[in-house]
Amino acid sequence: AQTVTQSQPEMSVQEAETVTLSCTYDTSESNYYLFWYKQPPSRQMILVIRQEAYKQQNATENRFSVNFQKAAKSFSLKISDSQLGDTAMYFCAFKGQGAQKLVFGQGTRLTINP
Amino acid sequence: EAGVAQSPRYKIIEKRQSVAFWCNPISGHATLYWYQQILGQGPKLLIQFQNNGVVDDSQLPKDRFSAERLKGVDSTLKIQPAKLEDSAVYLCASSLLTGVSEKLFFGSGTQLSVL
């Protein structure tokens, strides 16, 4: 079974700084997607960015980018020029070709301080 | 477009009572998911529907949890009888299709407290 591990329960940075959230996963599948979701206090999961395993180029969405290391099974999220609105829980998630269900990590609580 | 709608937003019950949650997915989305998110943890899939058929319910505690998706649109998740450990946020999500690349859209969830 696939597992997703986020080793940082909480992180805190100052506004405008860059922060990196870590994620590792375990799978034997070759075709899969990795996702980062943001969950603000409203509880609604919002997709931040996603990466297809077959693509070598790291995904980028405005201030958000990933560092995808397939051999190491690592998928970190970098937030540049952090903003107060980035304060939320961040979940790393995996979806494989086999089970095709979204498997989440335990989450990282990110706080952006003014 | 309208998002995934869930109700109620909060529910407080005593143990051994029953409770039901409702979800209305995005129009046209064939796949619907119910996730359980216990405080401090990531969401865990309880059940996945493709139209009105069950695709995966391997982690649904079937002795007390049940779910249905009549007519392949709205869905209801029921717990009977509830236990203290059922206290969690229940998230509903939908996607247009089922596939490894499909994007899931989530509702705001129902926060259940079992006393």
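Because the structure is a prediction, the values reported are computed rather than measured. (Residues numbered from 1 in each chain as written. Chains lettered and ligands numbered in written order. Predicted model: local features only at pLDDT ≥ 70, side-chain atom pairs only at ≥ 80, totals over all residues. Heavy atoms only, no water.)

As for the overall build of chain A
Short version of the rule: Numbered from the N terminus, helices here are DSSP runs of H or I no shorter than four residues, and strands are runs of E no shorter than two. Radius of gyration means the value over C-alpha atoms here, while the globule rule gives 2.2 Å times the residue count to the 0.38 power. Summary of the burial criterion: residues with accessible area below 20% of their type's maximum are buried, those above 50% are exposed, and those between are partly exposed, where the area comes from a 1.4 Å probe applied to protein chains only.
Secondary structure assignment for chain A yields zero helices and 12 strands. From first element to last, N terminus to C terminus, chain A shows the α and β order β-β-β-β-β-β-β-β-β-β-β-β. Here the C-alpha atoms of chain A give a radius of gyration of 14 Å, agreeing with the 13 Å that 2.2 N^0.38 yields for 114 residues. When the backbone C-alpha atoms are referred to their principal axes, chain A occupies close to 45 × 25 × 20 Å. Here chain A, with 114 residues, has 49% of them falling under the buried criterion.

Observations concerning the packing of aromatic side chains
Heads up, the rule is: Planes of paired rings set the category: under 30 degrees apart is stacked, over 60 is edge-to-face and the rest tilted, where pairs are Phe, Tyr or Trp rings (Trp by its six-membered ring) whose centres lie within 6.5 Å. By definition here, charges over rings are those cases where NZ of Lys or CZ of Arg is within 6 Å of the ring centre and within 35 degrees of the ring normal.
With the rule as written, the count across this model stands at 16 aromatic pairs over all chains. Arranged with centres 6.2 Å apart and planes meeting at 35°, the rings of Phe35 of chain A and Tyr37 of chain A form a pair that is tilted. Taken individually, Phe35 of chain A and Tyr37 of chain A each receive the classification buried, so the pair is uniform in this respect. By the ring-pair criterion, three or more aromatic residues cluster together here, those being Tyr33, Phe35, Tyr37, Phe91 and Phe104 of chain A together with Tyr33, Tyr35 and Phe106 of chain B. Above the face of the Tyr10 of chain B ring, Arg43 of chain A is positioned so that its terminal group lies 5.1 Å from the ring centre.

Concerning the sheet that holds strand β8 (residues 75-79) of chain B
All names here are of chain B. Defined as follows: For two strands to count as paired, DSSP must find a minimum of two bridges between them. To get an axis, fit a line to the C-alpha atoms, keeping to the stretch in contact for a helix; angles then go from 0 to 180 degrees between the N-to-C directions.
Spatial strand order, β1-β3-β8-β7: four strands in an open sheet with antiparallel pairing. Edge positions in the open sheet fall to β1 (5-7) and β7 (65-68), since each of these has one partner strand only. Pairwise comparison of adjacent strand axes, ignoring direction, gives a mean angle of 15° for this sheet. Across three bridges, β1 lies against strand β3 (residues 19-24) in antiparallel orientation. If you follow Ala5 over to β3, its bridge partner there is Asn24.

Quick notes on the nonpolar core
Here is the rule: In this description, a nonpolar core means a group of buried Ala, Val, Leu, Ile, Met, Phe, Trp, Tyr and Cys residues linked to one another through side-chain atoms lying within 4.5 Å. By definition, residues are in contact when any of their heavy atoms lie within 4.5 Å.
Formed by 26 residues in total, the largest nonpolar core has its most connected members in Tyr25, Trp36, Phe75, Leu77 and Tyr90 of chain A. For this core, the element with the highest residue contribution is strand β10 (residues 88-96) of chain A, accounting for four residues. Once residues lying within four places of it in the same chain are set aside, the contact partners of Tyr25 of chain A are Thr3, Val4, Tyr32, Leu34, Phe68, Lys70, Lys73, Ser74, Phe75 and Phe94 of chain A. Grouped together as the second largest cluster of nonpolar side chains are 21 residues, Ile13, Phe65, Leu77 and Ala88 of chain B included.

Here we look at the environment of Ile26 of chain B
Residue and element names in this part refer to chain B. Relative to the helices and strands, Ile26 resides in the loop between β3 and β4 (31-37). Relative accessible area serves as the criterion here: at 5%, Ile26 is assigned to the buried category. Separated by 19 residues in the primary sequence, Ile26 and Leu45 place their C-alpha atoms 19 Å from one another.

Overview of the state of the cysteines
All names here are of chain A. Which entries qualify depends on this criterion: Only a pair of cysteine sulfur atoms within 2.5 Å counts as a disulfide in this structure description.
Evaluated as defined, the whole model comprises two disulfides over all chains. Between Cys23 and Cys92 runs a disulfide, and the two sulfur atoms are separated by 2.0 Å. Taking the torsion about the sulfur-sulfur bond, which here is approximately -70°, the covalent link between Cys23 and Cys92 counts as left-handed. Of the two residues, Cys23 is situated in the loop between β3 (19-21) and β4 (24-26) and Cys92 in strand β10; the sequence distance between them amounts to 69 residues. Each member of the pair Cys23 and Cys92 is classed as buried.

Overview of the interface of chain A and chain B
We count it as follows: Buried surface area refers to the total accessible area, computed with a probe of radius 1.4 Å, that the two partners give up upon joining, counted for both partners together. Salt bridge criterion: a side-chain nitrogen from Lys or Arg within 4 Å of a carboxyl oxygen from Asp or Glu. Any pair of N or O atoms that falls within 3.5 Å is considered a polar contact. Within protein, one atom must be able to donate a hydrogen and the other to accept it, and sequence-neighbouring residues count only if both atoms are side-chain atoms. The classification used treats Ala, Val, Leu, Ile, Met, Phe, Trp, Tyr, Cys and Pro as nonpolar, Asp, Glu, Lys and Arg as charged, and all other residues, Gly among them, as polar.
Listed as interface residues are 22 residues of chain A and, on the opposing side, 29 residues of chain B. Of the roughly 2,000 Å² buried where chain A meets chain B, counting both sides, 49% is carbon and sulfur surface. The three residues of chain A that bury the most area against chain B are Arg43, Lys95 and Lys101 of chain A, which together make up 34% of that side's buried surface. For Asp56 of chain B, the salt bridge goes to Lys101 of chain A, with nearest N and O atoms at 3.9 Å. Inspection of the chain A/chain B interface yields eight residue pairs in polar contact (both at pLDDT 80 or more). Mapped by element, the contributors of at least two residues to the side of chain A that touches chain B are β5 (32-39), β6 (46-52) and β10 of chain A. The element contributing the most residues to the side of chain A that touches chain B is β5 of chain A, with five residues. Within the side of chain A that touches chain B, the residues separate by chemical class into nine nonpolar, nine polar and four charged.

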